[in-house]
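The chain contents come next:
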Amino acid sequence: MNFKSILNELTLAEKAALLSGITNWKTTPISRLSIPSVFMADGPTGLRKEMPGGQFLAPSYPATCFPLPVTVASSWNPALLEKMAAALAREAIDQKVDTVLGPGVNIKRNPLGGRNFEYFSEDSYLSGVLGTAFIKGVQSQGVGTSLKHFALNNQEYRRMTISSEVDMKTMRELYLLPFEMAIKNARPATIMASYNRINGIQVTENKWLLRDLLRNKWGYQGMVVSDWNAVADRVKGVQAGLDLEMPTSNGVNDHLIIEAVQSGRLSLKDVDEAVGNVLRYIDYSLAQRPKKERKPYDYTLSHDLARKMAVEGAVLLKNDNEILPLDPTQPLAVIGRMAREPRYQGSGSSKVNPKNLVPFTDALARQGILYQFAPGYDKNDRPLVKEAVALARSHKIAVVFIGLSDVYESEGFDRSHLNLSKGHLDLVNAVVKANPRTVVVLALGAPVVLPFINEIPAVLNLYLAGEAFGEAAADLLFGSANPSGKLAETFPLKLEDVASYGHFPMGPRQVKYQEGLFVGYRHHDRERHSVLFPFGHGLSYTKFRYRHLVIESEFPEKRQVNLTLDVTNIGTRTGQEVVQVYVAPHPLDNERPVQTLQAFEKITLDPGETKTVHIVLDETAFRVYDEKTDDWALAGGEYRLRVGSSSRDIRISDLVFIETPVVLGPKVKIAIPEYRSINPEENVAYTRNNLDSSATIADVKNVSLNGWLFYQAIGLFATKMVKGKLDKVTKQMVRQGAVMMPLRQLVPFSGGKISKTGLDGIIMILKGHPFRGLKTLLADLKNNKNHGAKTDTYPIEAET
C-alpha cells in the first residue's frame, strides 16, 4: 500500500471506521479504496473460527485441539512448539484466517488464576522463550499473531476494572520481560492490550505502556489491538497508542473520534498514526495471502504433532519401584470417567471444536490392549465407588483418571482453593486401599494438592493434553514413549505457602503485587519451603548423570559466559533430559531471588550415550533493572551457575565472576509512572454515592433495589443468549463475564442507541432515582435511534 496516498484520500469518517472492527472478528473494509477486511480468530490452543450467524459465542468449525499452553510449557521444547504453531497456522490458512490470537505470556502469579491453563509459566524467561517460538512458528507460514494480554492481566476476578498496583522493577524484570523477549526476537504482527488498569491507568489508555515503552523503548512497529471489549475511553486510547478496537463498537466510538478531532480534543496526527498502523497490518496480511497454499490441509499432520506435544508435555511426578511403564499384555482396570470423556482443554473463549478427539479407552481398543472400565464418578463428580473398588481388586494394576472439571477452572473466574473434588479424592482413597498398585493420571490446567501422594506409587500429570489425550496417555503408560516433561510451575504443599496469598485476587478496585519479584519458585526458594513438586521437576523411565562442568567467562569483551558439561544416559531406555541452568548471586542477596532460570536445553540420549551440552549465557542473564536510569544494567560480581534436572535437583555447579557493571541498552528517557500502594479510600465497594461507569454490573446489586433487578436481568439475558447452544459451564462463564462487565460497555453493546448521556440516565436509575434517570435515558434513545451503526456493506454514511 501507498500509505501516504491512502491517508490523504481517506475521509475523517473512514479513518475513524478503520480504527474499530466491523464484526466480532473482521476489520472494517473501505470498498472505494479497495481496502478489504482482515479476519482474526482465537488460537492459542487451536483455531476457533466461529460459524456464520452472528450469535454470541457461535459454534466453531472443527480444528485440531492442540495441547494447552500449560502442557506445551512442560515440554520445554521450543523447537517442537515452533513446528506445532506452524501446523496451527496451516489450519488458519485452510480456514481463511489471517491472524491467530495468541500466544499468552502472562506470568502465573498465583496457582488459582482462572486462565492459568492458557499461559506458559510462573517464570519470565521460560515464558519468553516459548512465546517467541509460538510466534515464529505461526508467522513462518504468513499468518499473523497477537501477543497477549499486555500486560499484568493476572487474575480473572474483576479483570475488566481491577488496577494492578506494581512497582517498576517487578514489572520490568518479571511481568513485562516475556513480552519484551517475544517482541524483540519474533516481531509479532499485533500486540493485544489487556482489560485491566496498571497503577490506576486503563491499559487501553496507558501512554507509558503502549507508546513510551512498547514503541519508543522496545522499537515495536506492529499494530496494537484491544482485547475484546476492553476499551474504556476510545479518544484517550488513540492518544495513548491503541490502534484498533475490537470487536466492533457498532459505530459508537467512530463518532466519538470524529467529534474529538472536530472539537480539537484529539489531534489528526494521532488518528493518522493509528490508521497508519492498521493499514500496515492489513497490508502485511494481504501480502502474505499469495504465498499461502490454498489446497486442502491434511489435518492428520496436526494431530500427529498434537500427540507428540502431549507426550513431551506430560510430567511423570512420581514412579516408586518403577511401577511404570505397564505391561501391555496384562489386562488393566481403567477407572474414572475422564478416561472415556477426557478433560483435554480449558473452558472459555478459546475452546476448540476438536477435529479428532481420542479418549484413553478408544486408544486402548485401537491397540488391542485388554481392559475393563468403571466410571468412578458421574458428571457432577459424585463418587461411584463400589464398582470401581471391585474392578481394582480383580486386576493386577488399576489406573485412575481424575482431575479438575470445567466447573473448577475456566476463563471468567479464579479458583478458590487447590483441592480436587471430594468425589475424585474419595475414589482414589478407596481404590488404592483395594489395590496398592494404583496409578493416578491427572487431567487439569493448574496445580492441586494431592493428599494421597504417599499412598499412590505413580502419578502421571497429563495436564490438558488436547485431542490426542488418550493416545498420549497410552504411549506413556505402556512405555512406547518415555516421559520427558518438566513442570513449568511449582506445586505447593498448601495455598498459604504461595507468595501472593492474602493478596489474590483482591478487589474491588485494586490488587497489590506485594510479593514483588518473588513469585513461584523464587518465593519458595527464599522462604525455604518444602513443596509438593518443585519447578522444573519431572521423572523419566531412565536416569541421567551430569559431569565435567566447564565455565568460561568472556566478560567484558563478548559479554557472555560459555558452559559445557557432559550428560550421560545411565539407564536402559532412550530418553530426553532437560538441562536447566540457574544463575544465583554469590553470596546470596535478600533483594534478589536465590536463583533464576536463565537457560535450558532438551537433549535425547540412547542408553549409555554421552553428549556434551554447550550453553551460552549472554549479558541478559546477569542484568537487573536500574530505576535510576530506567534501563537494564549489568550487575557485576560473583555468581554461582547451578545446572540440574530441576530447581531443587541441582547436579553440578561452579562460580563465575562478571567484571565491571555497565549500563546496557539504548538510552531513551521517559517519564516513569508512579507506583502506588493500595489506597484504602480508593479500594472500596461501590455505593450510591460513588457509583460510576467503571462499576461492574455485579457491583450495582447492593446499591439499590433497581440495581438488584438490573443485575438479575443481565445475568438472565446473558444465559438466554446461549441457551441450548453451549454447555453448562460455558453458560456459567458467560453469565459471570456479563455481570463483571463495567457499565460503560452498555454503550457499544447497544449498537449506538445509548450514548454516554443515556448511560448517565441508567446510572441515575441504579442509584435509586428512576424518574429522572428514565427521562434522560428515553430522550437519549430517541436521539440516537440509528446512531453510528456499522454493516458489512460500507460505504460509510456521509460526513456531516
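Residues numbered from 1 in each chain as written. Predicted model: local features only at pLDDT ≥ 70, side-chain atom pairs only at ≥ 80, totals over all residues. Heavy atoms only, no water.

A. Structural context of the packing of helix H5 (residues 124–139) against helix H7 (residues 177–186). Taken N-terminus to C-terminus, the directions of H5 and H7 make an angle of 35°; their axes are 8 Å apart at the nearest point. Taken as a pair, H5 and H7 cross one another with a handedness that is right-handed. Of the residues in H7, those in contact with Ser124, Tyr125, Ser127, Gly128, Val129, Gly131, Thr132, Ile135, Lys136 and Gln139 of H5 are Leu177, Pro178, Met181, Ala182, Asn185 and Ala186. The class makeup of the residues in the contact of H5 with H7 is 8 nonpolar, 7 polar and 1 charged. (Axes fitted to C-alpha atoms, helices over the stretch in contact; angles between N-to-C directions. Helix = DSSP H or I, 4+ residues; strand = E, 2+ residues; numbered from the N terminus. Left-handed = near helix turned anticlockwise from the far one by under 90°. Contact = heavy atoms within 4.5 Å. Nonpolar A, V, L, I, M, F, W, Y, C, P; charged D, E, K, R; others polar.)

B. Just the pattern of salt bridges, in detail. What the rule picks out here adds up to 39 salt bridges. The partner of Glu312 in a salt bridge is Lys602, with the nearest N and O atoms 2.9 Å apart. Of the two residues, Glu312 is situated in helix H12 (residues 299–313) and Lys602 in strand S21 (residues 596–605); the sequence distance between them amounts to 290 residues. Overall, the relative accessible area of 17% leaves Lys602 in the buried class. Asp497 is the salt-bridge partner of Lys494, the closest N and O atoms lying 3.0 Å from each other. Residue class for Lys494 comes out partly exposed when judged on its relative accessible area of 42%. Here the salt bridges do not stand alone but share partners, grouping Arg115, Glu118, Glu156, Arg159 and Glu411 into one network. (Salt bridge = Lys/Arg side-chain N within 4 Å of Asp/Glu carboxyl O. Buried < 20%, exposed > 50% of the residue type's maximum accessible area, 1.4 Å probe, protein only.)

C. Examining the sheet that holds strand S9 (residues 315–319) more closely. Taking strand neighbours across the sheet as the criterion, the 6 strands line up as S9-S14-S13-S12-S10-S11 in an open arrangement whose pairing is mixed. Only two strands of the sheet have a single neighbouring strand rather than two, namely S9 and strand S11 (371–374). On average, each strand axis in the sheet is inclined to that of its neighbour by 20°, with strand direction left out of account. Pairing between strand S13 (residues 438–443) and strand S14 (residues 458–461): 4 bridges, direction parallel. Among the inter-strand pairings, Val440 is bridged to a residue of S14, identified as Val459. Against the sheet, helix H15 (residues 422–434) touches strand S10 (332–335), strand S12 (398–403) and S13, its axis set at about 165° to S12. (Pairing = 2+ DSSP bridges.)

D. The arrangement of a nonpolar patch on the surface in detail. Together, Leu705, Trp708 and Leu709 give the surface a local cluster of nonpolar side chains, amounting to about 330 Å² of exposed area. By secondary structure assignment, the location of Leu709 is in helix H18 (residues 705–721). (Patch = residues over 30% accessible without salt bridge, like charges linked within 9 Å, V, L, I, M, F, W, Y side chains within 5 Å. Areas by Shrake-Rupley, 256 points an atom, 1.4 Å probe, with all protein chains shown as cover.)

E. Geometry of unusual backbone geometry. Looking along the chain, the bond that leaves Lys148 and enters His149 is cis, with omega of -15°. Mapped onto the elements, His149 comes out in strand S3 (residues 144–150). With an omega of 5°, the peptide bond between Gly507 and Pro508 qualifies as cis. Within the secondary structure, Pro508 sits in the loop between strand S15 (491–492) and strand S16 (510–512). The residue Ser34 is not glycine, and still its phi comes out positive at about 60°. Locating Ser34 in the fold gives a position in the loop between helix H2 (12–18) and strand S1 (40–42). A positive phi angle, close to 50°, is found at Glu322, a residue other than glycine. Position of Glu322 relative to the elements: it lies in the loop between S9 and S10.

F. Region of interest: the packing of aromatic side chains. By the definition in use, this model includes 16 aromatic pairs. Aromatic rings pair up to connect Trp76, Tyr125, Tyr521, Phe535, Tyr582 and Phe600 into one cluster. Note that Arg280 overlies the ring of Phe3, its terminal NZ or CZ placed 5.5 Å from the centroid. Directly above the ring of Trp632 sits Arg623, whose terminal nitrogen or CZ lies 3.7 Å from the centroid. (Phe/Tyr/Trp six-rings, centres within 6.5 Å; stacked < 30°, edge-to-face > 60°. Lys NZ or Arg CZ within 6 Å of the ring centre and 35° of its normal.)

G. Region of interest: H12. An ideal rise of 1.5 Å per residue puts 21 Å on 15 residues; H12 measures up with 21 Å between its terminal C-alpha atoms. Among the residues making up H12, those that are buried are Tyr299, Ser302, His303, Leu305, Ala306, Met309, Ala310, Val311, Glu312 and Gly313. Summarising the contacts, the buried residues of H12 are in contact with helix H3 (69–75), helix H4 (78–94), S9, helix H16 (469–477), strand S20 (575–585) and S21. (Expected span 1.5 Å × (residues − 1).)

H. Structural context of H4. Given a rise of 1.5 Å per residue, 17 residues ought to cover 24 Å, and the 24 Å separating the end C-alpha atoms of H4 matches this to within 8%. Counting buried positions over the 17 residues of H4 gives 12, a clear majority of the element. What H4 keeps buried is the set Leu80, Leu81, Met84, Ala85, Ala86, Ala87, Leu88, Ala89, Arg90, Glu91, Ala92 and Ile93. Structurally, H4 contributes buried residues whose contacts are with H3, strand S2 (99–101), H5 and H12.

I. Representation of the pairing of strand S25 (residues 637–646) in the model. Judged by how many residues are buried, S25 sits mostly within the fold: 7 of 10 residues are covered. In this sheet, S25 lies alongside S20 in antiparallel orientation, the contact comprising 6 bridges. Its bridge partner being in S25, Pro585 is matched across the sheet by Tyr639. Alignment of S25 against strand S26 (residues 649–658), held across 9 bridges, turns out to be antiparallel. Bridging from a neighbouring strand, Leu641 pairs with Asp654 of S26.

J. Spotlight on the pairing of strand S23 (residues 623–626). In this structure, S23 lies alongside strand S24 (residues 631–634), joined through 4 bridges in antiparallel fashion. In the sheet register, Asp626 faces S24, and the bridge partner there is Asp631. The loop that links S23 with its antiparallel partner S24 comprises 4 residues; one of these, Asp630, has a positive phi angle of about 50°.

K. Main features of the sheet that holds S2. Reading across from one edge, S1-S2-S3-S5-S8 is the order of the 5 strands in this open sheet, with parallel pairing throughout. For this open sheet the edge positions go to S1 and strand S8 (223–226), each flanked by a neighbour on one side alone. Across the sheet, the mean angle separating the axes of adjacent strands is 30° when strand polarity is ignored. In terms of strand pairing, S3 meets strand S5 (residues 190–193) through 3 bridges, oriented parallel. What sits directly across from Leu147, in S5, is Ile191. Sitting on the sheet, helix H8 (residues 207–217) touches S3, S5 and S8, and the angle it makes with S8 is about 155°.

L. Fine view of the environment of Tyr175. Mapped onto the elements of the fold, Tyr175 is located in helix H6 (residues 168–175). On the basis of relative accessible area, Tyr175 is assigned to the buried category, the value being 2%. As a C-alpha pair, Tyr175 and Arg343 span 168 residues in sequence and 29 Å in three-dimensional space. Leaving out residues up to four positions away in the same chain, Tyr175 has contacts with Ile107, Arg109, Leu152, Asn154, Thr170, Tyr513, Glu515 and Val519.

M. Quick peek at the packing of helix H13 (residues 360–367) against H16. Contact geometry of H13 with H16 gives a least axis separation of 7 Å together with a crossing angle of 60°. For the element pair H13 / H16, the angle class is oblique. H16 is crossed by H13, and the crossing has right-handed handedness. The residues of H16 that touch H13, namely those facing Phe360, Ala363, Arg366 and Gln367, are Phe469, Gly470, Glu471, Ala473, Ala474, Asp475 and Leu477. (Parallel < 35°, antiparallel > 145°, perpendicular 65-115°, else oblique.)

N. Examining the environment of Val238 more closely. Among the secondary structure elements, Val238 is positioned in helix H9 (residues 234–240). By relative accessible area, Val238 is classed as buried at 1%. Ignoring sequence-local partners within four residues, the contact set of Val238 consists of Leu19, Arg211, Ile257, Leu266, Asp270 and Val271.

O. The arrangement of the confidence of the model for the protein in detail. On average, residues of the protein score 92 in pLDDT, and 94% of them are at 70 or above. In the predicted structure, residues 791–800 sits below a pLDDT of 50 and forms 20 contacts with residues beyond four places in sequence or in another chain. (pLDDT = per-residue confidence, 0-100.)

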